[in-house]
Amino acid sequence: MQGPSNLEDPNIESMLRYPNPVQGEVAKLEFYLKKTEWLSFSLLDLNGKQVKLLGEDRVKAGKNVLSFSTSTLAEGTYVITVKDAENKIRYNEKLLVLP
């Protein structure tokens, strides 16, 4: 598991993405929230264009795991972005997808 290098959010205790690099079908984002809140999860290319909306919902406090398929993605580097209800970026980290 790899942890984030840029997580400075008082409500998010930890955010792990794995595997990284991902080779195969599924990647996971595991995180712990101190309180319930609405979040949006997206996968962006390196130009900032959204490639895939991974989900958006009211997320419960405590441990959460978001699993998503990488089978339709081309080989390359992507950015996992988490935004709150005010569209503020809460987490931003690269994910490498291998063939």
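As a reminder, the structure under discussion sits directly above these lines.
Quick summary incoming for the structure in this document.

Quick notes on the rules
- Residues numbered from 1 in each chain as written.
- Predicted model: local features only at pLDDT ≥ 70, side-chain atom pairs only at ≥ 80, totals over all residues.
- Heavy atoms only, no water.
- Helix = DSSP H or I, 4+ residues; strand = E, 2+ residues; numbered from the N terminus.
- Contact = heavy atoms within 4.5 Å.
- Polar contact = N/O pair within 3.5 Å; in protein donor to acceptor, adjacent residues only side chain to side chain.
- Pairing = 2+ DSSP bridges.
- Axes fitted to C-alpha atoms, helices over the stretch in contact; angles between N-to-C directions.
- Salt bridge = Lys/Arg side-chain N within 4 Å of Asp/Glu carboxyl O.
- Buried < 20%, exposed > 50% of the residue type's maximum accessible area, 1.4 Å probe, protein only.

Summarising the element assignment, Gln23 is placed in the loop between β1 (12-18) and β2 (26-33). Along the primary structure Gln23 and Arg90 are separated by 67 residues, whereas in three dimensions their C-alpha atoms are 26 Å apart. Residues in contact with Gln23, not counting those within four places in the same chain, are Leu98 and Pro99. Here Pro99 takes part through its backbone oxygen, which lies 2.9 Å from a polar atom of the side chain of Gln23.

Attention shifts here to the sheet that holds strand β3 (residues 37-44). The strand order across the open sheet formed by four strands is β4-β3-β6-β7, and the pairing between neighbours is antiparallel. Edge positions in the sheet fall to β4 (50-59) and β7 (89-97), since each has one partner strand and no second. Here the average twist between neighbouring strands, direction ignored, is 15°. Pairing between β3 and β4: eight bridges, direction antiparallel. The residue of β4 that forms the bridge with Glu37 is Val59.

Moving on, we come to the sheet that holds β2. On the basis of which strands lie adjacent, the open sheet formed by three strands has the order β1-β2-β5 and antiparallel pairing. The open sheet has two edge strands, β1 and β5 (62-69), and neither has a second partner. Pairs of neighbouring strands in the sheet enclose a mean axial angle of 15°, with direction left out of account. Where β2 meets β5, eight bridges bridge the pair, whose relative direction is antiparallel. Pairing of Leu33 across the sheet is with Gly62, part of β5.

Before going further, it helps to examine the pattern of salt bridges. Taken as a whole and assessed by the stated rule, the structure comprises three salt bridges. A salt bridge links Glu37 to Arg90; its shortest N-O distance comes to 2.7 Å. Of this pair, Glu37 sits in strand β3 while Arg90 sits in strand β7, and the two are 53 residues apart along the sequence. Residues Glu37 and Arg90 agree in their burial class; the two are buried. The partner of Asp84 in a salt bridge is Arg90, and the shortest N-O contact between them spans 3.5 Å. As far as burial versus exposure is concerned, Asp84 and Arg90 are alike and both buried. When salt bridges that share partners are traced, they join Glu37, Asp84 and Arg90 into one network.

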